Every structure is written in structure tokens, then in C-alpha cells.
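# Geometric and topological summary
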Amino acid sequence: VTTAEELVKRPDFPSELRELAVALLVEDRGTAYSRALIELALKATTQARLRDRIADLLAEMDDEKVHKQIAKLVGKGKGYARTFAIRAAKRIDDPKLVKKLRKDIKNKDAALAVASIDSLAARRDRESAPAFEKLLEKTKSAEVQRALLRGLSAIYDGENAWVERLVEFSGDEDLDLANMA
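One structure accompanies this document, and this report is about it. Remember, predicted model here, so these are calculated numbers, not experimental data.

Criteria and cut-off values
- Residues numbered from 1 in each chain as written.
- Predicted model: local features only at pLDDT ≥ 70, side-chain atom pairs only at ≥ 80, totals over all residues.
- Heavy atoms only, no water.
- Helix = DSSP H or I, 4+ residues; strand = E, 2+ residues; numbered from the N terminus.
- Buried < 20%, exposed > 50% of the residue type's maximum accessible area, 1.4 Å probe, protein only.
- Contact = heavy atoms within 4.5 Å.
- Lys, Arg positive; Asp, Glu negative; His and termini not counted.
- Charge placed at Lys NZ, Arg CZ, Asp CG, Glu CD.
- Axes fitted to C-alpha atoms, helices over the stretch in contact; angles between N-to-C directions.
- Parallel < 35°, antiparallel > 145°, perpendicular 65-115°, else oblique.
- Left-handed = near helix turned anticlockwise from the far one by under 90°.
- Nonpolar A, V, L, I, M, F, W, Y, C, P; charged D, E, K, R; others polar.
- Core = buried A, V, L, I, M, F, W, Y, C linked by side-chain atoms within 4.5 Å.
- Salt bridge = Lys/Arg side-chain N within 4 Å of Asp/Glu carboxyl O.
- Arc of directions from axis to C-beta.
- Polar contact = N/O pair within 3.5 Å; in protein donor to acceptor, adjacent residues only side chain to side chain.

## Here we look at the overall build of the protein chain
Of the regular secondary structure elements, the protein chain holds twelve helices and zero strands. When the elements of the protein chain are put in sequence order from the N terminus, they spell out α-α-α-α-α-α-α-α-α-α-α-α. Principal axes of the C-alpha set define a box for the protein chain whose edges measure 60 × 35 × 30 Å. Looking at the protein chain as a whole, 43% of its 181 residues qualify as buried. Within the protein chain, counting contacts between residues at least 6 apart in sequence, those at least 24 apart form 56% of the total. Separation of charge centres in the protein chain, based on 34 positive and 32 negative side chains, amounts to 7 Å.

Here it is as C-alpha cells:
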């Protein structure tokens, strides 16, 4: 018989099982398990799906200590570690953090840019909208374009002017952009 804790530590087990075990442990131990979750997420052997699930679970924790742990990680590390921290920080209300996220929307790493865009969109950060629109005109990355359209749709939330712009985009000669809109 394998316990949830043993299952979580085994990178050779399917991500789905490890995700379930992590969720059970968070339900059982709450915020006391946050440090172990962060350590697990920052391991190179942790599957991306599990890392995303851990980030979401940490983001749902309404605890100042957890928020401080996560905020310290934002902007540090490379690749998956930075993306994880941004995703986990999506509910932390801190102007310094938002400033870091705004810088990362232009990052050459598309995954990092998308995570930053999604985090700002989750905050409905209207101050980011002009930067989103400017980047939408310049970027060639379809992944970033999709995130920007999602982000702007979240920020503008059905405003008539935005709906009209989406209609314009749907007729764009760039077929990828037109289909996204």
C-alpha cells in the first residue's frame, strides 16, 4: 500500500495520481504543507501538469505566510520555476509583484510571458491593458497572442468597444489572429 505522501515523491508515477495525492494532502494538512509543495514544484523531475496543479493549490491558499513564500520566488530562477511562481502568485495583491509581472509580458520565453499575462488578467489589471494591446500588434507568437486576447477579454469583460475590436480582429489578414478572435 502506497500512501499519498509516498506517491507524491515518486516522479515515475503518472501525473494524474500525483495530482490527486497532492490535493488530498493539501486538504488534510492545509497551509502547513505549502513549503513541501513549493520544494516539489521546483524539482526538475516534477511533471509540468503537477507543477501547475501545485501552483493552483497554493494560489487558493489564503494565508499571508504562503503568499510571502511565493512572492519571494517571483522573478527568480529560470523557465519552469519562474512560470510556477507567477502562476502561484495570481491572487497575491502586491504592487511590486504586479510591476514584475508587467515586465515579464514581453519576455522572450513564451511560457513565461503567457503566465504573466494570465496572472495580470486574473487580477483584471486595467493598467496592463495598453501594454497588452501594444504587444498584441507586435508579437508573432500565437501562444502569446491567444493569452493577450484572453487577457484583454477578461479586463474589458464584454465592453462594447472591445467586442467591436474582436470583430475587427476576426477579419484580419493574419488567419491565426482572426481565428483566435
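## A few points about the packing of helix H3 (residues 34-41) against helix H5 (residues 64-73)
Viewed as axis vectors pointing N to C, H3 and H5 meet at an angle of 20°, and their least axial separation amounts to 10 Å. On the basis of the axis angle, H3 is roughly parallel to H5. For the pair H3 and H5, the sense of crossing is right-handed. Residues Ser34, Arg35 and Ile38 of H3 lie in contact with H5, whose contacting residues are Val66, Gln69, Ile70 and Leu73. For the contact of H3 with H5, a count of residues per class yields four nonpolar, two polar and one charged.

## Some points on the nonpolar core
Among the nonpolar cores identified, the biggest contains 52 residues, and Val22, Ile54 and Leu58 are the most heavily contacted of them. Apart from residues no more than four positions distant in its own chain, Leu58 is found in contact with Ser34, Leu37, Ile38, Val66, Ile70, Phe84 and Ala88.

## As for the side chain of Arg51
Note on placement: Arg51 falls in helix H4 (residues 48-60). Buried Arg51, no salt bridge; nearest opposite-charge side chain is Asp52, N-O distance 6.5 Å. For Arg51, the contacting residues outside a window of four places in its chain are Ala41, Lys43, Ala44, Thr46, Tyr80 and Phe84.

## Digging into the pattern of salt bridges
One pass over the full model with this rule turns up 13 salt bridges. In this structure, the salt-bridge partner of Arg49 is Glu16, at a minimum N-O distance of 3.3 Å. Placement of the pair is Arg49 in helix H4 and Glu16 in helix H2 (residues 15-29), with a sequence separation of 33 residues. For Arg49, a relative accessible area of 46% gives the class partly exposed. Across the pair Asp104 and Arg82 runs a salt bridge, and its minimum N-O distance is 3.0 Å. Note that Asp104 is positioned in helix H7 (residues 95-104) and Arg82 in helix H6 (residues 80-88), a separation of 22 residues in sequence.

## Some details on H7
The complete set of buried residues in H7 reads Leu97, Val98, Leu101 and Asp104. Taken down its axis, H7 places every buried residue within 115° of arc, on the same side. In H7, the exposed positions angled more than 90 degrees off the buried face are occupied by Pro95, Lys96, Lys99 and Lys103. Looking at the buried residues of H7, the elements they touch are H6 and helix H8 (110-122). Measuring from the backbone nitrogen of Lys96 back to the side-chain oxygen at the start of H7 gives 3.1 Å, which picks out Asp94 as the cap.

## Overview of unusual backbone geometry
A positive phi is found at Arg124, a non-glycine position, where the angle reads about 55°. Along the polypeptide, Arg124 turns up in the loop between H8 and helix H9 (129-138).

## Quick word on the environment of Leu112
Relative to the elements of secondary structure, Leu112 occurs in helix H8. Along the backbone, Leu112 and Arg82 are 30 residues apart, and their C-alpha atoms lie at a distance of 7.0 Å. Excluding residues within four positions of it along the chain, Leu112 makes contact with Arg82, Thr83, Ile86, Asp104 and Asn107.

Any functional reading would require information that these geometric values do not contain.
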